Amino acid sequence: MRRQSVETGRLIDQYAGRVSHGIAPRSSYSGERPPTRYTDGIVQGAHPRAGLPFGAWDQIADGVPTGPAMTIVSSSESPVPPPPSDRPWRTATLERSALFGADHVVVRPDGWVAAVCDAADLPQAVADLDARLAG
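My aim in this report is to walk through the structure given alongside it, one point at a time. (Residues numbered from 1 in each chain as written. Predicted model: local features only at pLDDT ≥ 70, side-chain atom pairs only at ≥ 80, totals over all residues. Heavy atoms only, no water.)

Considering unusual backbone geometry
Part 1: Positive phi, close to 55°, is recorded for Phe100, a residue that is not glycine.
Part 2: For Phe100, the position within the fold is in the loop between strand S2 (89–94) and strand S3 (104–107). (Helix = DSSP H or I, 4+ residues; strand = E, 2+ residues; numbered from the N terminus.)

Written out as structure tokens, the structure is:
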């Protein structure tokens, strides 16, 4: 993340015309540059989307109080209640097409995917993530 932040600063400098760092404009975040992927910490499972930004974050973040809550995103056909925990959790629903072919996506407070799982795997994924948050 530090490397990405430094590169972003250089790109901003370059776009502002302050100095050229030799960065190609197509390498901006709206271009070819892939996002940084979390591989450990508060991320779980081997799904290809785990550890990447959740593209529909703006759809579930609008009108919801901000804070440190993890969010379980479910389809409207299979909503779930927040798990019992000492830490804040919340739930949201989206169309199933936004869930990468799974039943649920667990999203971190920063909008990055913590886990992608089916209904049968959700309790264990939530328990594992909750334990990581505790510890």
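Concerning the packing of aromatic side chains
Part 1: Under the defined criterion, the tally for this structure stands at one aromatic pair.
Part 2: Ring geometry for Phe54 and Phe100: centres 5.9 Å apart, planes at 85°, overall edge-to-face. Of this pair, Phe54 sits in the loop between helix H1 (2–15) and helix H2 (57–61) while Phe100 sits in the loop between S2 and S3, and the two are 46 residues apart along the sequence. (Phe/Tyr/Trp six-rings, centres within 6.5 Å; stacked < 30°, edge-to-face > 60°.)

Some words on the sheet that holds strand S1 (residues 70–75)
Part 1: Strands sit in the order S2-S1-S3-S4 across an open sheet of four strands; the sheet is mixed. The open sheet is flanked by S2 and strand S4 (113–117), the only strands paired with a single partner. Mean inter-strand twist for the sheet, computed between neighbouring axes without regard to direction, equals 20°.
Part 2: Direction of pairing for S1 relative to S2: parallel, over a ladder of six bridges. Residue pairing for S2: Ile72 is matched across the bridge by Thr91. (Pairing = 2+ DSSP bridges. Axes fitted to C-alpha atoms, helices over the stretch in contact; angles between N-to-C directions.)

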